[in-house]
Structures are given as structure tokens and as C-alpha cells.
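Here is what each chain is made of, one letter per residue.
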Amino acid sequence: SVVQAFLAVKRRTSISFEQKVRLKPIVPVSDLAGENAKDLWFQEDEYSRIRDKSWMIIDKEVEARERGLKGTKYCTRGLERMIDPTAAN
């Protein structure tokens, strides 16, 4: 069962830290875009394309399940609630 498989997994009981410290500089947002700071964020047309593509994937997955097909070539991560509203959170 899933519970037995979960309990059988060996968990680490300790942590360790790397001795060598590495720093990576981070460029401030203001330096990245200057006056065009909005270019760093999604625009409305990009949100629309993301939404349309998500609905296309949901439709294809629901259709595949209705035809009894299991697997899909699309990544449905994050769309589970839309594909199967009865799925647990």
C-alpha cells in the first residue's frame, strides 16, 4: 500500500553543511530594466497565452481520460484540480 511504501522509506536523521562558502552576487531589479521595469514581469497578453494553453491542456487531458487513455504528452502539474475536481488538494 502507499502507507507501507511511505513508512519503508529511510529518512535522513542528520544534516551537514559545506565547509566552503560560495557567494553569488544578485543584480538589483532596478539595474536590470531601468525605465522598462515592467519588462521584467508578465504582460497581459502573456497571461492570456498562458491561460489559453492551460485550458488546451486541460481539455486534451479530460478528453483522453474520457476515451480511457492514461498518460499524456503534456505536463499537467498544477492543473490537477481543473482536470479532476474531486481530486484532493
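Just above sits the structure.
None of these values were measured; they are calculated from a predicted model.

What counts, and where the lines are drawn
Residues numbered from 1 in each chain as written. Predicted model: local features only at pLDDT ≥ 70, side-chain atom pairs only at ≥ 80, totals over all residues. Heavy atoms only, no water. Helix = DSSP H or I, 4+ residues; strand = E, 2+ residues; numbered from the N terminus. Buried < 20%, exposed > 50% of the residue type's maximum accessible area, 1.4 Å probe, protein only. Areas by Shrake-Rupley, 256 points an atom, 1.4 Å probe, with all protein chains shown as cover. Salt bridge = Lys/Arg side-chain N within 4 Å of Asp/Glu carboxyl O. Patch = residues over 30% accessible without salt bridge, like charges linked within 9 Å, V, L, I, M, F, W, Y side chains within 5 Å. Expected span 1.5 Å × (residues − 1). Contact = heavy atoms within 4.5 Å.

Colleague: It is not clear to me how the overall build of the protein should be interpreted in this structure. Could you clarify?
Modeller: When you go through the protein residue by residue, the secondary structure sums to four helices and zero strands. Secondary structure elements of the protein occur, N-terminal to C-terminal, as α-α-α-α. Classification of the 89 residues of the protein by burial places 9% in the buried group. Looking at the protein as shown, the accessible area adds up to about 9000 Å², and 56% of this sits on carbon and sulfur atoms.

Colleague: What's the story with the pattern of salt bridges in this structure? I'm lost.
Modeller: Any two side chains of opposite charge can pair, on the condition that their charged atoms come close. Counting across every chain of the model gives two salt bridges. Among the salt bridges present, the one from Asp 45 reaches Arg 49, with a minimum N-O distance of 3.3 Å. One end of the pair, Asp 45, and the other, Arg 49, are both in helix α3 (residues 44–66), four residues apart, so they sit about a helical turn from each other. For Asp 45, a relative accessible area of 44% puts it in the partly exposed group. Measuring nitrogen to oxygen at the nearest pair gives 3.0 Å for the salt bridge that ties Arg 65 to Glu 61. Taken together, the positions of Arg 65 and Glu 61, both in helix α3 and four residues apart, correspond to about one turn of that helix. The exposure class assigned to Arg 65 is partly exposed, which follows from its relative accessible area of 46%.

Colleague: Would you mind going over a nonpolar patch on the surface with me for this structure?
Modeller: Where nonpolar side chains cluster on the molecular surface, the patch consists of Val 27, Val 29, Leu 32, Leu 40 and Trp 41 and spans about 510 Å² of accessible area. Position of Leu 40 among the secondary structure elements: in the loop between α2 (29–33) and α3.

Colleague: Can you help me understand α3 in this one?
Modeller: Since the α-helix advances by 3.6 residues per turn, residues separated by three or four positions end up pointing in the same direction. If you check α3, its first and last C-alpha atoms are 33 Å apart, about what 23 residues at 1.5 Å a residue would give, namely 33 Å. Elements that come into contact with the buried residues of α3 comprise α4 (80–83).

Colleague: So what exactly am I meant to see when it comes to the environment of Glu 80 here?
Modeller: With respect to the helices and strands, Glu 80 occurs in helix α4. Taking relative accessible area as the criterion, Glu 80 reaches 40% and is therefore assigned partly exposed. Taking the C-alpha atoms as reference points, Glu 80 and Glu 61, separated by 19 residues in sequence, lie 10.0 Å from one another.

Colleague: Before we go on, may I ask you to explain the side chain of Thr 76 in this structure?
Modeller: Topologically, Thr 76 is positioned in the loop between α3 and α4. Beyond its immediate stretch of four places on either side in the chain, Thr 76 contacts Ile 57, Glu 61 and Ile 83.

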